[in-house]
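Each chain, written out:
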Amino acid sequence: MSEQTPQFDPKSMARFMFGASHNGFLGMGYHAHGEDWMELELPWREDLVGDSEQHVLASGPIISLLDMASGMAIWTRMQAFTPVATLDLRVDYLRPAKERCAVIGRSECYRLTRSAAFVRGIAHDGDAEDPVANMAGVFMTIGGASQRGE
């Protein structure tokens, strides 16, 4: 009888990843996922505000949100938790988030190779058609870990 590797569960992994970590300190939480994408939520908090006059989330936590959503999108597509490292992450801010609103980070892993994963995504505050930011990134899959790559 052959042993099957358990299916990767992004929702369970999110609870583990956000325990006692930087992402947990920021308050990130699972929002939704699909075969090759992941959505995480960053709730609005006073201590994460970048401009006390506007009461909007600072850019740093939003970048962390998109970076974590990207890693989790890669693991979701690979169906495995394997080491990945951010090589390049570009975030283009289009507008400030709405005051006192949570931000959703959605990332899609659209291409895997033997040693790299390519992602794209957005951050939005409730309307994905009106994003706060666009994101594109490249991650290294350490040790040629890709299971569905080339």
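Please refer to the structure higher up on the page.
Note that the structure is a prediction, hence the values are computed from the model and not measured. Chains are numbered independently. Their residues run from 1 in the order of the written sequence. In keeping with the model being predicted, local features are shown solely for residues with a pLDDT of at least 70 and side-chain atom pairs are shown and tallied solely at 80 or more, while totals for entire chains, interfaces and linings include all residues. The side-chain quantities take in all heavy atoms of the structure and omit both hydrogens and water.

(A) Here's a closer look at the overall build of the chain. The way it works is that DSSP assigns letters per residue, a run of H or I at least four long becomes a helix, a run of E at least two long becomes a strand, and they are numbered from the N terminus. Of regular secondary structure, the chain possesses three helices and eight strands. Each helix and strand of the chain, placed in order from N terminus to C terminus, yields the pattern α-α-β-β-β-β-α-β-β-β-β. Taking 2.2 N^0.38 as the reference for a compact globule, 150 residues should give roughly 15 Å; the C-alpha atoms of the chain span a radius of gyration of 16 Å, in line with that estimate. Dimensions of the chain along its principal axes, counting C-alpha atoms only, are 60 × 25 × 25 Å. Burial classes: relative accessible area under 20% of the type maximum marks a residue as buried, over 50% as exposed, and values in between as partly exposed (1.4 Å probe, protein chains only). Within the chain, buried positions represent 45% of all 150 residues. In this treatment the radius of gyration is a C-alpha quantity, and the globule benchmark scales as 2.2 Å times the residue count to the 0.38 power.

(B) Just helix α3 (residues 59-78), in detail. An ideal rise of 1.5 Å per residue puts 28 Å on 20 residues; α3 measures up with 29 Å between its terminal C-alpha atoms. For α3, the tally of buried residues reaches 16 of 20 residues, placing the bulk of the element in the interior. Two residues or fewer past α3, Gln79 is found with a positive phi of approximately 60 degrees. In a helix, the anticipated span is given by 1.5 Å times the number of residues less one.

(C) Here's a closer look at the pattern of salt bridges. Any carboxyl oxygen of Asp or Glu that lies within 4 Å of a side-chain nitrogen of Lys or Arg is treated as forming a salt bridge with it. If you walk through the whole model with that rule in mind, you get six salt bridges. Between Arg45 and Asp47 there is a salt bridge, and its shortest N-O distance comes to 2.9 Å. The class of Arg45 is partly exposed, set by a relative accessible area of 23%. Of the charged contacts in the structure, one is a salt bridge between Arg95 and Asp125, with a shortest N-O distance of 2.7 Å.

(D) Local environment of helix α1 (residues 10-17). Taken as a whole, α1 has its buried residues at Pro10, Met13, Ala14 and Met17. Seen along its axis, α1 keeps its buried residues to an arc of 105 degrees; they face one direction. Residues of α1 that are exposed and point more than 90 degrees away from the buried face comprise Arg15 and Phe16. Where α1 is buried, its residues contact β1 (29-33), β2 (37-42) and α3. Think of it as the arc spanned by the lines of direction from the helix axis to the C-beta atoms. Note on contacts: a residue pair is in contact if any heavy atoms of the two residues lie within 4.5 Å.

(E) Local environment of the side chain of Thr76. Examined against the element boundaries, Thr76 turns out to sit in helix α3. Judged by its relative accessible area of 1%, Thr76 is buried. The residues touching Thr76, leaving out its near neighbours within four places in the chain, are Phe8, Pro10, His33, Gly34, Glu35, Trp37 and Met38.

(F) Spotlight on the environment of Asp36. By the element assignment, Asp36 lies in the loop between β1 and β2. Taking the relative accessible area as the measure of exposure, Asp36 reaches 22% and is therefore partly exposed. With 34 residues separating them along the chain, Asp36 and Ser70 place their C-alpha atoms 10.0 Å apart.

(G) Region of the structure containing the sheet that holds β2. What the six strands build is an open sheet, ordered β1-β2-β6-β7-β8-β5; its pairing is antiparallel. The outermost strands of the open sheet, each flanked by one partner alone, are β1 and β5 (84-93). Geometrically, the sheet is characterised by an average inter-axis angle of 20 degrees between neighbouring strands, direction not taken into account. In this analysis, axes come from line fits to C-alpha atoms, helices being fitted only over the stretch in contact, and the angle between any two N-to-C directions falls in the range 0 to 180 degrees. Across the sheet, α3 touches β1, β2, β5, β6 (103-112), β7 (116-124) and β8 (133-141), and the angle it forms with β6 is around 40 degrees. Pairing between two strands is assigned when DSSP locates at least 2 bridges connecting them.

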